[in-house]
Amino acid sequence: KNFSDTKMAQAGAVAERRPEIALASKEVVTLDDVKLSSVSAVRGVLQTPIVVVRTLIQLGYEPVQEYADQNIFHQNGFRRLGLFAYGQNIYARQGLGGLFVGWRARGLNVLFYTLTRGCLRKTLYPRIVDESVLAHDANPSLAKVTKVYLQEVIVDSVSSCLAVLVTHPFEVVSTRMIAQLAGGESLYTGLIQALLRIYREEGLAGLYSGVLPALLGEVVFAASTNLVYRILQTYVLPLLSPPDEIRPHLKALMSSTALAIANPAYYPPQTIKAMMIVNGSKLRLASAPFVPGTFKSSADCASYLFRLDGWSARGIMRGSNIIRRFFTRNIPAAMMGSK
């Protein structure tokens, strides 16, 4: 639940390791590529309410002060609004439009990211990755496995980073339109208007604010998921010796496992990205009490998040768990009363 549709699209690529499929297609963009990207975009739009809640939490906006409560084990602690209560709060103040704010930018972001990354990966994979060194080796050496792993990381990192560079302005618009819900602002009223306003006021740097942690997140994701998948594929799967009809299901399970293990490493850059997109803007979430001031860099932002509550769901991992938000100790938090 902690990955966007773009990450789920990558999960499918992690699970698929057959370069002959790419070689069989002479077209860079096929109808199947467009269909897959369109389905991902529709799914991304439908998930907009979840993204709205998560993004506001990442940005430090809490519509209700955390309160003392007990968990199911009768342990005393402090609770903040979870996904459903948070969503209800937005709906009560902003209606359905508040839950789906920025859906056009999000849909285009997912569409073009998935399409660009998929086409680039289909082109680069058979040219860079040489899996033949492992194809007929029941017990490949560590050097061979490492070579293939690094090749896969290069392909996925390059494909993902180039896709981010193509689509990041849509991410900026979507995030800022969500951020203005906190202050009831209307700086960004539509996709084109927002793109033009950001460019006019902040230039190209504004349209690519937060792009460095976004790129870092893509590289971390590629390295961590491919590492887990390659270990499972090379050393675990042969030990199981599954029948051919079971093997695809095991590969899907391995892909899901790789995603779960990668999440703690991948998620912090996403929190930093969201904050840096808003950083320095005229939005209320870019000023006190939500942040101490304008961050000089992504590292400065990461340091601030660590000082809040370290590697936790109220620190650099905030927004990673949005279903039930229960904490065993209290800390000061940015809070804005319900309207």
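Draft legend 1. Examining the overall build of the protein more closely. In terms of regular secondary structure, the protein is built from 13 helices and three strands. The buried share of the protein, taken over its 339 residues, is 54%. As presented, the protein carries roughly 15,900 Å² of accessible surface, and 64% of it is formed by carbon and sulfur atoms.

Draft legend 2. Up close: a nonpolar patch on the surface. A cluster of nonpolar side chains, namely Leu142, Leu227, Ile231, Tyr235, Val236 and Leu240, defines an oily patch on the protein surface of about 530 Å² accessible area. Among the elements that line the nonpolar patch, the one with the most residues is helix 11 (residues 211–240), at five residues. By secondary structure assignment, the location of leucine 240 is in helix 11.

Draft legend 3. Focus on the sheet that holds strand 3 (residues 325–327). Here three strands make up an open sheet; going across it, the order is 1-2-3 and the pairing antiparallel. Here the strands that pair on one side only, and so sit at the sheet edges, are strand 1 (67–70) and strand 3. Pairwise comparison of adjacent strand axes, ignoring direction, gives a mean angle of 45 degrees for this sheet.

Draft legend 4. Just the pairing of strand 2 (residues 76–80), in detail. Where strand 1 and strand 2 come together, four bridges link them in antiparallel fashion. The residue of strand 2 that forms the bridge with glutamine 70 is asparagine 76. Hairpin connection from strand 1 to strand 2: five residues lie between these consecutive antiparallel strands, with histidine 74 at a positive phi of about 65 degrees. In the sheet, strand 2 pairs with strand 3 via three bridges, with the strands oriented antiparallel.

Draft legend 5. Here's a closer look at the nonpolar core. Ranked by size, the top nonpolar core spans 49 residues in total, and within it Leu56, Tyr86, Ile90, Val173, Met275 and Leu285 carry the most contacts. A total of seven residues in this core trace back to one element, the largest contributor, which is helix 12 (residues 247–278).

Draft legend 6. Region of interest: empty space enclosed by the protein. For the coordinates displayed, the defined rule picks out one cavity of 30 Å³ or more. Leu59, Met275, Val278, Asn279, Gly280, Leu285, Ala286, Val291, Gly293 and Phe295 are the residues that line the largest cavity. Of the residues that constitute the lining of the largest cavity, the class distribution is seven nonpolar, three polar and no charged.

Draft legend 7. Representation of the pattern of salt bridges in the model. For the coordinates displayed, the defined rule picks out 14 salt bridges. Salt-bridge contacts for aspartate 33 lead to lysine 122; the nearest nitrogen and oxygen are separated by 2.7 Å. Within this pair, whereas aspartate 33 is found in helix 3 (residues 31–46), its partner lysine 122 is found in helix 7 (residues 103–128), the two being separated by 89 residues in sequence. One exposure class covers both aspartate 33 and lysine 122, and it is buried. The partner of glutamate 62 in a salt bridge is arginine 80, and the shortest N-O contact between them spans 3.5 Å. Here arginine 80 lies in strand 2 and glutamate 62 lies in the loop between helix 4 (48–58) and strand 1, a separation of 18 residues in the sequence. The class for arginine 80 is buried, based on a relative accessible area of 8%. Overlapping salt bridges bring together Glu62, Glu66, Arg80, Asp309, Arg314 and Arg325 as one network.

Draft legend 8. Looking closely at the confidence of the model for the protein. Here the protein shows a mean pLDDT of 87. Residues at 70 or above account for 89%. Considering only residues more than four positions removed or in separate chains, one finds that residues 13–25, a stretch of pLDDT under 50, has 25 contacts.

Draft legend 9. Inspection of unusual backbone geometry at higher detail. In this model, alanine 288 is joined to proline 289 through a cis peptide bond whose omega is 10 degrees. The residue proline 289 is located in the loop between helix 12 and helix 13 (298–309) in this model.

Draft legend 10. Here's a closer look at the side chain of arginine 176. In this fold, arginine 176 is placed in helix 9 (residues 142–179). Judged by its relative accessible area of 0%, arginine 176 is buried. Apart from residues lying up to four places away in sequence, arginine 176 is in contact with Tyr188, Ile198, Glu202, Gly206, Ser209, Ile277, Ser281 and Leu283.

What counts, and where the lines are drawn
- Residues numbered from 1 in each chain as written.
- Predicted model: local features only at pLDDT ≥ 70, side-chain atom pairs only at ≥ 80, totals over all residues.
- Heavy atoms only, no water.
- Helix = DSSP H or I, 4+ residues; strand = E, 2+ residues; numbered from the N terminus.
- Buried < 20%, exposed > 50% of the residue type's maximum accessible area, 1.4 Å probe, protein only.
- Areas by Shrake-Rupley, 256 points an atom, 1.4 Å probe, with all protein chains shown as cover.
- Patch = residues over 30% accessible without salt bridge, like charges linked within 9 Å, V, L, I, M, F, W, Y side chains within 5 Å.
- Salt bridge = Lys/Arg side-chain N within 4 Å of Asp/Glu carboxyl O.
- Pairing = 2+ DSSP bridges.
- Axes fitted to C-alpha atoms, helices over the stretch in contact; angles between N-to-C directions.
- Core = buried A, V, L, I, M, F, W, Y, C linked by side-chain atoms within 4.5 Å.
- 1 Å grid on protein atoms, 1.4 Å probe; cavity = no way out; pocket = protein on both sides within 12 Å on 5 of 7 lines; lining within 4 Å.
- Points joined across faces, edges and corners; volume = space filled by probe spheres on them.
- Nonpolar A, V, L, I, M, F, W, Y, C, P; charged D, E, K, R; others polar.
- pLDDT = per-residue confidence, 0-100.
- Contact = heavy atoms within 4.5 Å.

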